[in-house]
Amino acid sequence: MTASLLVLTDFFQAANRALDYATDLARPLHARLVLLNVRRDSVLDPERLTGDFSDLSKEAVALALSSVARGLPVPVVSEVGYGRVEVAVADAVARHHPSLIVLGRPDHSDLPDELVQTTSLELLRHAPYPMLVVPYLVSSTAPPRRVLMAVDGEPFNLGAHAGTMQQLFKALEAEVTVLNVSAGHHEQDLAALESVRQTGLLVDLAPPHARTVTSASAARGILQVAQPHDFDLLVVIARERSFLGKLFHNSVTAQLALDSALPILILPAR
């Protein structure tokens, strides 16, 4: 089966930046893009309250999808979903089995975090799947090579997604730095590296670098290191106990998804 990346688009700037980034990923993966536009026609949709809502007609959506697809240098399939985003995405995932779900993060700087109903967080709670969130200011011209992987040192298992993610890092020829936020003990560095090695994610790649940052807040420590001049991609592990919990929107993963200046690849793990 041909590898694919499922890209959500509403034709706004954030979605366009995410599409550019996904296109750069698709080339080394020899993957196709599945463009999904969801007609969010419910009056209860939280995005109606923020103003970030596309209300194009069916004809306009079809024309826009066709225009976007013609301009891309990789194979493309276009689809329109209906209703809640998480339902439409789950349906597309079940049919296409993509390597990743890719979506843009709009500018929510004028809204308090507690009022932002971020699509990525809702998707993770309803259908845990590897997800790439691209900030609206990111301009992509090449596949990411410098990868920062933030882990806590505890063992983790990516389950059915482990092989796909291994192929992704191998195709990117990624240079990986494993980051642990701690008190700076050498033993914690080794535990973080070992937790990644045990997954097999970095097989056939150069040995990863290890880095520790001291911070009382894991999210602040990660954001301190995850700077665009040093890295192209941030990878975080979202543990099942976190994204299935009621307080997920207050978790480290949620804060990183809202505030990271880098594109963030969220890997749900057990």
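The structure contained in this document is the topic of the report that follows. (Residues numbered from 1 in each chain as written. Predicted model: local features only at pLDDT ≥ 70, side-chain atom pairs only at ≥ 80, totals over all residues. Heavy atoms only, no water.)

## Some thoughts on the overall build of the chain
Defined as follows: Secondary structure elements are defined from DSSP: runs of H or I of at least 4 residues count as helices, runs of E of at least 2 residues count as strands, and each element is numbered from the N terminus. Each residue is assigned to one of three classes by its accessible area relative to the maximum for its type, calculated with a 1.4 Å probe on protein chains only: buried under 20%, partly exposed between the two thresholds, exposed over 50%. For every accessible area listed, the method is Shrake-Rupley and the probe measures 1.4 Å; residues are considered covered only by the protein chains on display.
Regarding its fold elements, the chain presents 10 helices and 10 strands. Residue burial in the chain is summarised as follows: out of 270 residues, 51% are buried. Split by element, the accessible area of the chain, about 12600 Å² in all, is 52% carbon and sulfur.

## Details of the sheet that holds strand β5 (residues 131–135)
The test is simple: When DSSP finds two or more bridges between two strands, those strands count as paired. Orientation is described by lines fitted to C-alpha atoms, with helices fitted over the stretch in contact, and by angles between N-to-C directions that extend from 0 to 180 degrees. We call two residues in contact whenever any of their non-hydrogen atoms come within 4.5 Å of each other.
Read from one edge of the open sheet, 10 strands run β3-β2-β1-β4-β5-β10-β9-β6-β7-β8, paired in mixed fashion. One side of each edge strand has no neighbouring strand; the edge strands of this open sheet are β3 (76–82) and β8 (209–214). Direction aside, the axes of adjacent strands within the sheet are offset by 25 degrees on average. As defined by bridge partners, strand β2 (residues 32–39) adjoins β3 across seven bridges and the pair is classed as parallel. When the sheet's bridge partners are listed, Val-34 is paired in β3 with Val-77. Each of β2 and β3 touches helix α3 (residues 58–70); the most contacted strand, β3, lies at about 155 degrees to it. Contacting β6 (146–150), β7 (175–182), β8 and β9 (233–239), helix α8 (residues 218–225) runs over the sheet at an angle of about 145 degrees to β7.

## Focus: the nonpolar core
Applied cut-off: What we call a nonpolar core is a set of buried Ala, Val, Leu, Ile, Met, Phe, Trp, Tyr and Cys residues that are connected through their side-chain atoms within 4.5 Å.
Ranked by size, the top nonpolar core spans 48 residues in total, and within it Leu-33, Leu-100, Leu-132, Met-149, Met-165, Phe-169 and Leu-265 carry the most contacts. The biggest single contributor to this core is helix α1 (residues 13–29), with seven residues. With sequence-adjacent residues up to four places away left out, Leu-132 is seen in contact with Tyr-21, Leu-25, Leu-100, Ile-101, Val-102, Leu-103, Leu-233, Pro-263, Ile-264 and Leu-265. Judged by nonpolar contacts, the second largest core, of 37 residues, contains Val-85, Val-133, Phe-231 and Ile-266.

## Quick word on the packing of α8 against helix α10 (residues 252–259)
Note the following rule: Note on convention: the crossing is left-handed when the near helix lies turned anticlockwise from the far helix by less than a right angle, right-handed when the turn is clockwise. Charged residues are taken to be Asp, Glu, Lys and Arg, nonpolar residues to be Ala, Val, Leu, Ile, Met, Phe, Trp, Tyr, Cys and Pro, and polar residues to be all remaining types, Gly included.
Two numbers describe how α8 lies on α10: the axes approach to 9 Å, and their chain directions differ by 35 degrees. Seen along the crossing, α8 lies across α10 with a hand that is right-handed. For the pair α8 and α10, contact is made by Ala-218, Ala-219, Ile-222 and Leu-223 and by Val-252, Gln-255, Leu-256 and Asp-259, respectively. Here the contact of α8 with α10 is composed, by residue class, of six nonpolar, one polar and one charged.

## Here we look at helix α6 (residues 162–172)
Quick reminder of the rule: Working note: the arc is built from the helix axis to C-beta atom directions.
Turning to α6, its buried residues number three or more, namely Ala-162, Met-165, Leu-168, Phe-169 and Leu-172. An end-on view of α6 places all buried positions within 125 degrees of arc, on one side of the element. The secondary structure elements touched by the buried residues of α6 are α1, β4 (100–105), β6, β9 and β10 (264–269). Residue Glu-173 follows α6 closely and has a positive phi angle near 50 degrees.

## As for the pattern of salt bridges
Which entries qualify depends on this criterion: We define a salt bridge as a contact between a side-chain nitrogen of Lys or Arg and a carboxyl oxygen of Asp or Glu at a distance within 4 Å.
Enumeration according to the criterion identifies seven salt bridges in this entry. Across the salt bridge formed by Glu-79 and Arg-95, the nearest N and O atoms sit 2.8 Å from each other. A residue pair is termed long-range when its members are at least 10 positions apart, and Glu-79 in strand β3 and Arg-95 in helix α4 (residues 85–96) qualify at 16 residues. Exposure remark for Glu-79: the relative accessible area of 15% places this residue in the buried category. Between Glu-86 and Arg-84 there is a salt bridge whose closest N-O contact spans 3.5 Å. You can call Arg-84 partly exposed: its relative accessible area is 33%. Each of Glu-79, Asp-91 and Arg-95 takes part in salt bridges that share partners, so that together they form one network.

## A look at the environment of Lys-170
Cut-off, in case you're wondering: Two N or O atoms form a polar contact when they lie within 3.5 Å of each other; inside protein one atom must be a possible hydrogen donor and the other a possible acceptor, and for residues adjacent in sequence the pair counts only when both atoms belong to side chains.
Positionally, Lys-170 belongs in helix α6. The partly exposed category is assigned to Lys-170, whose relative accessible area is 45%. Considering only alpha carbons, one finds Lys-170 and Leu-201, 31 residues apart in sequence, at a separation of 8.7 Å. With sequence-adjacent residues up to four places away left out, Lys-170 is seen in contact with Asp-204 and Leu-205. For Lys-170, the side chain forms a polar contact with the side chain of Asp-204, separated by 3.5 Å.

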